[in-house]
Amino acid sequence: MIVNCVAYRAGKRLGDIPVDDISEVLKESDAFVWLGLHEPDTQLLRKVQEEFSLHDLAIEDALNAHQRPKLEAYADSIFIVVETAQLIDDEVRFGETHLFVGPRFIVTIRHGSSVSYAPVRQKCELSPHRLNLGPGYALYSVIDFVVDNYQPVAERLQARFQELEQEIFDKSFDRDSIGRLYKLKGELIKLRDAVGPINDISGHLIRFHEEIVRKELRPYFRDIEDHVTRITKAVDTIREMLTTAIQ
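In this convention, every chain numbers its residues from 1, walking through the sequence in written order. Where totals are concerned, whole chains, interfaces and linings use all residues; where local detail is concerned, this predicted model gives features only for residues with pLDDT of at least 70, and gives and counts side-chain atom pairs only at 80 or more. In computing side-chain properties, one takes all heavy atoms of the structure into account and sets aside hydrogens as well as water.

## Observations concerning the pattern of salt bridges
Where charged atoms of side chains with opposite charge meet at close range, the side chains can pair.
Piece 1. Put simply, a salt bridge is a Lys or Arg side-chain nitrogen that is within 4 Å of an Asp or Glu carboxyl oxygen. Taken as a whole and judged by the stated rule, the model has 16 salt bridges.
Piece 2. A salt bridge links Lys47 to Asp20, with the nearest nitrogen and oxygen atoms 3.1 Å apart. With Lys47 in helix H2 (residues 42-52) and Asp20 in the loop between strand E2 (12-16) and helix H1 (22-25), the pair connects residues that are 27 residues apart, well separated along the chain.
Piece 3. For the exposure calls, accessible area comes from a 1.4 Å probe over protein chains only, and a residue counts as buried if that area is under 20% of its type's maximum, exposed if over 50%, partly exposed in between. For Lys47, a relative accessible area of 23% corresponds to the partly exposed category. Here a helix means four or more residues in a row that DSSP labels H or I, a strand means two or more in a row labelled E, and each is numbered from the N terminus.

As structure tokens, this is what we get:
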């Protein structure tokens with residue numbers, strides 16, 4: 001359940017630490033902690049709550065794996081939910097990630113079908129001057145990674161539609177083809193519901209929570225907004241064409 005628990009200072013990795021030592025590390029004014037979890041149980045989440053002094057309501061949300069994408073602000077931290085999407089054996093699989101973020105920490109919790117964030121951490125550690133901006137840069141990197149993974153899913157769904165579009169004008173078009181059209185429509189709706197809220201979350205982070213997202217990080221989150229807008233437009237275009245095809 002514990003994937004990584006690492007302390008950083010001045011953007012550089014200090015090393016792995018036990019969960020029990022997190023609160024001690026947080027007493028050091030120039031250090032922050034990045035904890036990665038995968039489907040933790042209640043006992044571990046309660047321990048995490050104790051170490052980071054997290055709000056009860058946020059922990060209650062984190063205990064329930066089926067949350068809508070959102071951002072909730074508490075006294076000294078924020079709780080974010082994003083939906084993830086990836087292709088497995090040419091099937092779209094959806095999962096979700098919960099994030100607790102404060103000025104001195106970030107906690108990522110993966111549920112369901114979700115790619116590991118180990119490559120994100122490694123990439124951040126290769127840019128200590130950016131990681132020196134604190135948990136806000138780690139937060140940007142995780143959300144950016146989630147959005148990047150939407151792109152191949154959207155491209156595959158578009159390719160599927162083009163294949164079905166050919167069948168519409170072919171003698172092979174039958175009831176099974178109609179079924180695949182409706183399945184594709186459902187997957188597009190799910191992807192749109194996952195992608196859309198990221199813009200609201202990024203916009204909120206740009207305008208507020210400067211103690212977490214410093215001014216230097218705002219352009220990074222605006223870049224996420226641009227990327228999300230492009231994917232959203234692509235998905236909406238496919239949905240419109242699909243609706244016409246069904247009619």
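## So, empty space enclosed by the protein
Piece 1. Cavity and pocket criteria rest on a 1 Å grid covering protein atoms alone: a 1.4 Å probe that fits but cannot get out defines a cavity, protein on both sides within 12 Å along at least 5 of 7 lines defines an open pocket, and an atom within 4 Å of a point defines a lining residue. Grid points are joined across faces, edges and corners, and a volume is the space filled by probe spheres set on the points. Overall, the coordinates contain 2 cavities of 30 Å³ or more when judged by the stated rule.
Piece 2. If you add up the space inside the largest cavity, you get close to 90 Å³.
Piece 3. As for the largest cavity, its lining consists of Val3, Asn4, Trp34, Gly36, Leu37, Thr108, Arg110, Ser116, Tyr117, Ala118 and Arg121.
Piece 4. Residue assignment for the lining of the largest cavity shows that the elements contributing at least two residues are strand E1 (2-9), strand E3 (31-38), strand E7 (105-112) and helix H4 (118-125).
Piece 5. Tallying contributions element by element places E3 first for the lining of the largest cavity, with 3 residues.
Piece 6. Across the lining of the largest cavity, the residue classes tally to 5 nonpolar, 4 polar and 2 charged.
Piece 7. Within this model, the second largest cavity holds a volume of roughly 60 Å³.
Piece 8. Forming the boundary of the second largest cavity are Thr84, Ala85, Gln86, Ser113, Ser114, Val115, Tyr117, Phe145, Val146 and Asn149. In this count, Pro and Cys sit with the nonpolar residues alongside Ala, Val, Leu, Ile, Met, Phe, Trp and Tyr, while Asp, Glu, Lys and Arg are called charged and the others, Gly among them, polar.

## As for the side chain of Gln67
Piece 1. Relative to the helices and strands, Gln67 is located in the loop between helix H3 (56-63) and strand E4 (70-73).
Piece 2. We call two residues in contact when some of their heavy atoms are within 4.5 Å. Beyond its immediate sequence surroundings of up to four residues, Gln67 is in contact with Asp61, Val81, Glu96 and His98.

## Points about the pairing of E1
Piece 1. In the sheet, E1 pairs with E3 via 7 bridges, with the strands oriented antiparallel. Residue pairing across strands places Ile2 opposite Leu37, the latter belonging to E3.
Piece 2. The pairing criterion for strands is at least two bridges between them, as found by DSSP. Strand direction decides the pairing type here: E1 and E2, joined by 4 bridges, are antiparallel. Residue Tyr8 lies in a different strand from E2, and its bridge partner there is Arg13.
Piece 3. The antiparallel pairing of E1 with E2 creates a hairpin that spans 2 residues between the two strands, and Ala10 there sits at a positive phi of about 55°.

## Here we look at the nonpolar core
In a soluble, globular protein the nonpolar side chains are often hidden away together inside.
Piece 1. Within this scheme, the nonpolar core is defined by two criteria: the residues are buried Ala, Val, Leu, Ile, Met, Phe, Trp, Tyr or Cys, and they are joined through side-chain atoms within 4.5 Å. Counting 53 residues, the largest nonpolar core has Trp34, Ile80, Leu139, Tyr150, Leu191, Leu205 and Phe221 as the members making the most contacts within it.
Piece 2. Residue assignment for this core shows that the elements contributing at least two residues are E1, E3, strand E5 (78-88), strand E6 (91-102), H4, helix H6 (135-168), helix H7 (175-207) and helix H8 (218-246).
Piece 3. In terms of residue count, the dominant contributor to this core is H6 (15 residues).
Piece 4. Residues within four places of Leu205 in sequence aside, it is in contact with Leu71, Ile78, Ile80, Leu139, Ile143, Val213 and Phe221.
Piece 5. Within the second largest apolar cluster, 26 residues are counted, among which are Ala7, Val33, Leu45 and Ile109.

## Details of the packing of aromatic side chains
Piece 1. Only Phe, Tyr and Trp rings are paired, with Trp represented by its six-membered ring, and only when their centres lie within 6.5 Å; those with planes under 30 degrees apart are stacked, over 60 edge-to-face, the remainder tilted. This model, assessed by the stated rule, comprises 9 aromatic pairs.
Piece 2. Ring centres 5.2 Å apart and planes at 20° place the aromatic pair Tyr8 and Phe32 in the stacked group. Here the residue Tyr8 occupies a position in strand E1, and Phe32 occupies one in strand E3, the gap between them amounting to 24 residues. Neither Tyr8 nor Phe32 differs from the other in exposure class; each is buried.
Piece 3. Aromatic pair Tyr140 and Phe221: ring centres 5.9 Å apart, planes at 75°, arrangement edge-to-face. Linking Tyr140 in helix H6 with Phe221 in helix H8, this pair joins segments that are 81 residues apart in sequence. By the burial criterion, Tyr140 is buried, and Phe221 matches it.
Piece 4. In textbook terms, an aromatic cluster arises when at least three aromatic residues are bridged by ring pairs, as seen for Tyr137, Tyr140, Tyr220 and Phe221.

## Points about the environment of Ile178
Piece 1. Looking at the secondary structure, you find Ile178 in helix H7.
Piece 2. Linking Ile178 and Arg214, residues 36 residues apart in sequence, is a C-alpha distance of 50 Å.

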